[in-house]
Amino acid sequence: MATLYYLILVPMVYLAVAVFVLGTIWRIGRLLAAPSAPPPPPIYPLRKPAWLFAVGDALLLPTVLRHNFRLWLALALFHLGLLALLLGHLELIAEFKILQVVPHGIFLGHGFVGLAVILCLIYFLCRRMVSPTKELSVPEDYLLLVLFLFTALFGAQMDWARTWYDYSSMGVDEYRAYLSSLIALKPNIEGVTSAGHSFMLVGHIFFANLLIMAFPFTKLMHAIFTFAMNKFRRG
Amino acid sequence: MEAQLKNDLVNVFKSKLSSQMLLNLDTCSRCGLCTEACHAYASIPLVKYAPAYRAEVVRRIYKRSFTAQGKFAPVMGEAKEITDAALMELKEAAFSCTGCRRCMVYCPFGIDTQQIMSIAKLLLVAAQAEPETLSMLADMSVSKGENIDAFKEGFLSGIKRLEDQMIQTWRDEAGEDPIPTDVVGADLLYVALAGAHSIIPSARIFNAAGEKWSLSFFEAVNFGAFVGDPTKTKLILDRIVNEAKRLRVKEVCICECGTAVRVAKQLKGAPFKVVSLTEVHARYIRQGRIRLKKLPGSYTYHDPCQIARNGGVYDEPRYILSHLVNDFREMSPDPKYNWCCGGGGGLVAMGDETLDFRMQSAKVKADQVRGSGADVVVTACENCHTQLSDLNKHYGLGKEVRFLSSLVADALLPEPQEARG
Ligand code: SF4
Ligand code: SF4
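Every value quoted in this text rests on a predicted model; they were computed, and no experiment measured them. (Residues numbered from 1 in each chain as written. Chains lettered and ligands numbered in written order. Predicted model: local features only at pLDDT ≥ 70, side-chain atom pairs only at ≥ 80, totals over all residues. Heavy atoms only, no water.)

Chemist: How should the overall build of chain B be read in this particular structure?
Modeler: Looking only at helices and strands, chain B has 21 helices and eight strands in total. The principal-axis extents of the C-alpha atoms in chain B amount to approximately 75 × 50 × 35 Å. When the 421 residues of chain B are sorted by exposure, 63% land in the buried category. Within chain B, residue pairs in contact and separated by at least 24 positions form 77% of the contacts whose partners lie at least 6 positions apart. For chain B, the exposed surface amounts to about 15900 Å²; the carbon and sulfur share of it is 52%. A gap of 4 Å separates the mean positions of the 52 positive and 50 negative side-chain charges of chain B. (Helix = DSSP H or I, 4+ residues; strand = E, 2+ residues; numbered from the N terminus. Buried < 20%, exposed > 50% of the residue type's maximum accessible area, 1.4 Å probe, protein only. Contact = heavy atoms within 4.5 Å. Areas by Shrake-Rupley, 256 points an atom, 1.4 Å probe, with all protein chains shown as cover. Lys, Arg positive; Asp, Glu negative; His and termini not counted. Charge placed at Lys NZ, Arg CZ, Asp CG, Glu CD.)

Chemist: Would you take a moment to explain the sheet that holds strand S3 (residues 251-254) of chain B for this structure?
Modeler: Residues and elements named next belong to chain B. Spatial ordering of the open sheet is given by S2-S1-S3-S4, a layout of four strands whose pairing is parallel. If you trace the sheet from one side to the other, it starts and ends with strand S2 (213-215) and strand S4 (273-276), each paired once. The sheet shows a mean angle of 25 degrees between the axes of neighbouring strands, direction not considered. Pairing analysis gives four bridges linking strand S1 (residues 188-191) to S3, with the strands arranged parallel. Bridged to Leu188 within S3 is Glu251. Contacting S1, S2 and S3, helix H14 (residues 230-247) crosses the sheet at an angle of about 155 degrees to S1. (Pairing = 2+ DSSP bridges. Axes fitted to C-alpha atoms, helices over the stretch in contact; angles between N-to-C directions.)

Chemist: Explanation requested: the interface of chain A and chain B in the structure shown.
Modeler: Reports often express the size of an interface as the amount of accessible area lost when the parts come together. Of the residues lining the interface, 46 residues belong to chain A; the matching set on chain B comes to 53 residues. The junction of chain A with chain B conceals about 4200 Å² of combined surface from both sides, 63% of it contributed by carbon and sulfur atoms. Looking only at chain A, the three residues that lose the most surface to chain B are Ile43, Leu136 and Met229 of chain A, adding up to 16% of its buried area. Taken together, the links from chain A to chain B amount to five salt bridges. The closest approach of N and O atoms between Arg30 of chain B and Asp141 of chain A, which form a salt bridge, is 2.8 Å. Linking chain A to chain B there are 21 residue pairs in polar contact (both at pLDDT 80 or more). Secondary-structure elements contributing two or more residues to the side of chain A that touches chain B are helix H2 (11-33), helix H4 (62-67), helix H6 (112-128), helix H7 (133-136), helix H8 (139-164) and helix H12 (222-234) of chain A. Its residues assigned to classes, the side of chain A that touches chain B comprises 25 nonpolar, 10 polar and 11 charged. (Buried area = accessible area lost by both parts, 1.4 Å probe. Salt bridge = Lys/Arg side-chain N within 4 Å of Asp/Glu carboxyl O. Polar contact = N/O pair within 3.5 Å; in protein donor to acceptor, adjacent residues only side chain to side chain. Nonpolar A, V, L, I, M, F, W, Y, C, P; charged D, E, K, R; others polar.)

Chemist: How should the side chain of Ser202 of chain B be read in this particular structure?
Modeler: Looking at the secondary structure, you find Ser202 of chain B in helix H12 (residues 196-208). Setting aside residues no more than four positions away along its own chain, Ser202 of chain B makes contact with Tyr190 and Leu277 of chain B.

Structural data, given as structure tokens:
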């Protein structure tokens, strides 16, 4: 078991980061290297400055808001939740004064952000099981949602498990020690493998690793491509 | 399918992979938001008519041949080889899409299904599986460009007949040369469609406005674009470009044909400006070069997708109609969301072959036209006009379908002489 924990918490994390970085660079490089064809016309009427509206389209999803409010709400909650969780994870690496502009306890959201993300993911999954989205979906769509769901379930529950069941032996200090050791390339997993709920951290990191590795080879690249796409539409 | 053909088709696919096309293929999250946007799906709720599903038909082949996921884990994205069955699917997807790009307005990323369908069309052309009618029409247009001298005499005698008609109807206004052709140094080259309806009303308006114009020897419609063959599209367009350069015109005015307007407006670096007939008519009114009387009745306007959503000509037709009629009723609260008529993308050009599908897939359009409550449906595109007339008959809408230019010609008042240059 100790070996398995080590493999997931150390080499697999490095592998995931390498695959993510190189894969994303490769995908963007492939785009930049592709020949450029005369662009088809934008969608009229045009609004200026086009780039600003394109950024607005990418971040605020106005077309979804207009045509499917429920989906928009779930997407907004999900993406904002993800952002909050990413920032929260940064605080697990080190203290960032800027992130404490609004003073808050670590971990940000006390598990409620994670819960909101989980509910959104369940909604997305259910949506995929109903026509016509069902017929449009491919295995990749389900797999990504399941990976997200497991990552979030293990992650959010870990925080609650710590507070509810008094597993105080593993907390922010241990996470920080582990993550900063990874960054310093001197991995030390001692503090995060001895607690009763360590298996949850290992599960969380295992699924997160898979998700991170999948990023460059799946539709998750929309997170980057959406800006260019929306700019084309805006002209 | 033979291995050689499969290989050739993969190479043809590759030739379409520009950076923008890669983005179109790589970004879809299959959220399904575009589903409701397509008139075909809204009228016939079968998933094969959902824009994202059509795109997936192409995307599956793309994944198999060009992506790491498709090569190592094809099951994840349901990646597929090109096969005869896949070609059939491509044909159904591409030739049930009118290229209206309404789905693009709904999509959170703005994925261009029409562009993705252009891959399907090109693969069909390469496999010689494209609709024969369109291919034949495109070939005829190309050969006309190559042998203009053989066509010239017939064309000019046709024009002479039209001139006689004009002189009979508008003796005073027709002038000495009612339909000028081959005028070197003309300000405007008018590219019409074959048929009196596309030439006579426009000629009357050009003459009334005192325009120094010349009628093109070539028809505007680009069957190369309908069939999805970029080489033929260019050859057909080049005929007009070369004529415009030879005559040294300042402006090329494309008649009421949405696809022709779109294709010509995409020209880059030409020594002339490309405008649609509607834009020219709006300009004449604005400059006081023509005056119009008001026509009785209630009117609505169908925005041709290629001219409005994809060409930006929204205000001009409404400006013209404000000078033509007192009772104008918008068809859609936001013209950007106007339903496609269901006849574009070559469907109307395929005639009776597609009639059944066109009527079924445009039920939402028929409902929209009926809902407008207007007596007359006006439009500025030949395809839309034909399709709306067919819908009118099929659904018993009881409307009159008119070209905007013909209304303008009917409403012309004797021109203010002082405004003529
Ligand atoms: S709306 Fe856009 S992202 Fe969603 S399924 Fe349609 S094409 Fe794909
Ligand atoms: S371009 Fe128009 S016809 Fe084609 S899929 Fe989109 S909405 Fe449907």
